[in-house]
Amino acid sequence: MQLKRKLTGALSLASCSLLGLPTAQAESQWDIETAVMYYSEKDRVTAIEPILGMKKELSDDEFLKLKFTLDSLTGASASGAVPSTQVQTFSTPSGNDTYVVAANETPLDPTFFDTRAQFSLGWDKPIKRTLRRNLGFNISKEYDFTSIAGNASWTWDTNLRNTSYTIGANIELDWIEPEGGAPLPLSSQDPDSSPPILRDGDSKQKQVYDLLLGVTQIIDRSSLVQFNLSLSLADGYLNDPYKLVSVVDSTAGPNEGEPVDQIYENRPDTRQRSALYSRYKKQLTNRDIFSISYRFMSDDWGIDSHTVDVSYRWRLNNGYFIQPGIRYYEQSAAHFYRYFLLDGDAIPGTVTADYRLGELTTQTIGVKFGYSGNKNNNWSIRLERYTQSGESHPDVAIGQLVNQNLYPDVDATIIQFNYAFLW
Amino acid sequence: MITIINPVSSFHRRFQYLALVSVLLLASCSGLGVKPWQRDIHAQQEMAMDADSLDIAVDAHIYFSKEASSGGQGFAGGGCGCN
């Protein structure tokens, strides 16, 4: 009798396994993914970001995903102001203090620091045999910024599950509470005045709406391709409240190109973006995996960008792998981007000198090494070098600015350690 | 002669181009695929498009804070005040 019960149990377990049904033991386990990322720019920002991701199968093919992220930033960030042959004094964002930038140095705001905590939740559930629904929620809080977002997407499998169509939407609400209050756009920052910064309220808001249409297609036994079309509309306060634009002396002479004023930037209050993302992935006959992606993005600020990302996962023996990768990115400048403004010219309604909205190219070269032979004990370490460069000596430079570097390179090192296990 | 470029209409033209390219790419996909018993390689976790999801999240955050583009693989909103 006891033997019969044992046999029944064993057969039941075996049939469950064959049918792919979750057993009680599998249901109780969490897939845990952890990561710690260290990001360091030479002479600028340093960030440390630990992440904890948790995933659990609630019932057959229904998943709950949780993710916790902490992000600690310190260092200095380019303010947008141009270098001078003289020592320059700037007001801190609060308006309560000042900092000094040496002659011929790119002005960096040294008060840049922040800690961000983020939590996201995802619930992925099959609602029909070939239709899945994913609901997501995200909340993020940092010193001067709060973000709440919700999203929903549906994926429909067809063509013997070789083709998957996805449609999704996301709504994000952001509250920005700049240090000391939001500066009045286009107003001067003058450390000798009282107050040194004119304000335009304490809190600002913006909304971001996203729509995503995607298709994933299995090509053959070892390759697949993905296309996503995404549309995004941002509406509200899109300024960076800490970025300046220098107004420089345009009179020919010894002071030509010297800053005579620093004003706060002002961006348009809406931004539409569209992007086409494509990715191809193939496993070669030696089981290595090749991946290439391309993204074209265009927005109504005049920015077009191209991104190419290539990786090759070289499978070594015993579950180890090494994965070199390279990414190239280039963008055109926003139509309201200026290196500086000329004294005496009318100030445009929208203007920024934020280097991230200028014409630039970036390259990321890296390698990842790890072990993925056991689902209960996977790890990897990733080392990358990120370089960003723009036009250091643009034709528009005048006077002393001809000899200054108006777009210094940004060099960053990224180190990331991942560890995944079952719990 | 001075040519004035309207960035908004230019944006809409680019969007129409993107939509057309997308439709053509989707149409070219029909007829591809494998039989259910040929999915062994696609069942490997490494072959999923969202494999290495934490790497994707970390990269998205870094590039969102350093560049003017975001999204494509997922939603464009960054959920942080870094840009």
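Scroll up a little and you will see the structure.
Residues numbered from 1 in each chain as written. Chains lettered and ligands numbered in written order. Predicted model: local features only at pLDDT ≥ 70, side-chain atom pairs only at ≥ 80, totals over all residues. Heavy atoms only, no water.

## Comments concerning the overall build of chain B
Moving on, step 1. When helices and strands are tallied, chain B shows two helices and zero strands.
Moving on, step 2. Carbon together with sulfur atoms contributes 63% to the accessible area of chain B, which is approximately 4400 Å² in total. (Helix = DSSP H or I, 4+ residues; strand = E, 2+ residues; numbered from the N terminus. Areas by Shrake-Rupley, 256 points an atom, 1.4 Å probe, with all protein chains shown as cover.)

## Some words on the interface of chain B and chain A
Moving on, step 1. On the side of chain A, 89 residues touch chain B, which itself brings 56 residues to the contact.
Moving on, step 2. Considering only the side of chain B, the residues that lose the most area to chain A are Met49, Lys66 and Phe75 of chain B, jointly responsible for 13% of the buried surface there.
Moving on, step 3. Joining chain B to chain A, the criterion identifies seven salt bridges.
Moving on, step 4. The partner of Arg221 of chain A in a salt bridge is Asp40 of chain B, with the nearest N and O atoms 2.4 Å apart. (Contact = heavy atoms within 4.5 Å. Buried area = accessible area lost by both parts, 1.4 Å probe. Salt bridge = Lys/Arg side-chain N within 4 Å of Asp/Glu carboxyl O.)

## Some words on the nonpolar core
Moving on, step 1. One finds Ala334, Phe340, Leu357, Leu401 and Leu406 of chain A to be the most contacted residues of the largest nonpolar core, which totals 26 residues.
Moving on, step 2. Apart from residues no more than four positions distant in its own chain, Leu401 of chain A is found in contact with Val82, Pro83, Val248, Gly257, Phe340 and Leu406 of chain A. (Core = buried A, V, L, I, M, F, W, Y, C linked by side-chain atoms within 4.5 Å. Buried < 20%, exposed > 50% of the residue type's maximum accessible area, 1.4 Å probe, protein only.)

## Regarding the packing of aromatic side chains
Residue and element names in this part refer to chain A.
Moving on, step 1. One pass over the full model with this rule turns up 13 aromatic pairs over all chains.
Moving on, step 2. Aromatic side chains Trp301 and Phe336 sit 5.1 Å apart centroid to centroid with 80 degrees between the ring planes, which places their arrangement in the edge-to-face category. Of this pair, Trp301 sits in the loop between strand S15 (289-299) and strand S16 (304-315) while Phe336 is found in the loop between strand S17 (320-331) and strand S18 (341-342), placing the two residues 35 residues apart along the sequence. The same class applies to Trp301 as to Phe336, namely buried. (Phe/Tyr/Trp six-rings, centres within 6.5 Å; stacked < 30°, edge-to-face > 60°.)

## With respect to the side chain of Glu46 of chain B
Moving on, step 1. Residue placement: Glu46 of chain B occurs in the loop between helix H1 (7-27) and helix H2 (53-66).
Moving on, step 2. Given a relative accessible area of 15%, Glu46 of chain B falls into the buried group.
Moving on, step 3. A polar contact is formed between the side chain of Glu46 of chain B and the side chain of Ser372 of chain A, at a distance of 3.5 Å.
Moving on, step 4. With near-sequence residues (within four places) excluded, Glu46 of chain B lies in contact with Lys281, Ile289, Arg313, Arg315 and Ser372 of chain A together with Ala51 of chain B. (Polar contact = N/O pair within 3.5 Å; in protein donor to acceptor, adjacent residues only side chain to side chain.)

## So, the pattern of salt bridges
Side chains that differ in sign of charge can pair as their charged atoms come close.
Moving on, step 1. For the structure on display, the rule yields 20 salt bridges over all chains.
Moving on, step 2. Its salt-bridge partner being Glu67 of chain B, residue Arg327 of chain A comes within 3.0 Å of it at the nearest N-O pair. Taken together, the residues Arg327 of chain A in strand S17 and Glu67 of chain B in the segment after H2 connect one chain to another.
Moving on, step 3. Overall, the relative accessible area of 1% leaves Glu67 of chain B in the buried class.
Moving on, step 4. Arg356 of chain A is the partner of Asp354 of chain A in a salt bridge, and the nearest nitrogen-oxygen pair spans 2.8 Å.
Moving on, step 5. Taking the relative accessible area as the measure of exposure, Arg356 of chain A reaches 5% and is therefore buried.
Moving on, step 6. When salt bridges with common partners are traced through the structure, they connect Asp240, Glu265, Arg267, Asp354 and Arg356 of chain A into a single cluster.

## Description of a nonpolar patch on the surface
Residues and elements named next belong to chain A.
Moving on, step 1. On the surface, Val36, Tyr38, Ile48, Trp314, Leu316, Tyr320, Val367, Phe369, Ile381, Leu383, Ile415 and Phe417 cluster together into a nonpolar patch covering about 990 Å² of accessible area.
Moving on, step 2. When contributions to the nonpolar patch are tallied by element, the ones reaching two or more residues are strand S1 (30-41), strand S19 (360-371), strand S20 (378-390) and strand S21 (410-422).
Moving on, step 3. Inspection of the secondary structure assignment puts Tyr38 in strand S1.
Moving on, step 4. Its relative accessible area of 33% is what places Tyr38 among the partly exposed residues. (Patch = residues over 30% accessible without salt bridge, like charges linked within 9 Å, V, L, I, M, F, W, Y side chains within 5 Å.)

## Let's talk about H2 of chain B
Residue and element names in this part refer to chain B.
Moving on, step 1. Its 14 residues give H2 an end-to-end C-alpha distance of 20 Å, which sits within 8% of 20 Å, the value for a rise of 1.5 Å per residue.
Moving on, step 2. H2 sits mainly inside the fold: ten of its 14 residues count as buried.
Moving on, step 3. Looking only at H2, the buried set comprises Leu54, Asp55, Val58, Asp59, His61, Ile62, Tyr63, Phe64, Ser65 and Lys66. (Expected span 1.5 Å × (residues − 1).)

## Here's the deal with the sheet that holds strand S12 (residues 244-248) of chain A
All names here are of chain A.
Moving on, step 1. The strand order across the open sheet formed by three strands is S13-S12-S18, and the pairing between neighbours is mixed. The sheet terminates laterally at strand S13 (259-264) and S18, the two strands that pair on one side only.
Moving on, step 2. Bridge count for S12 against S13 is five bridges, and the pairing is antiparallel. Across the sheet, the residue bridging to Val245 is Ile263, located in S13. (Pairing = 2+ DSSP bridges.)

From the geometry alone we can't say anything about function, so treat these as descriptive.
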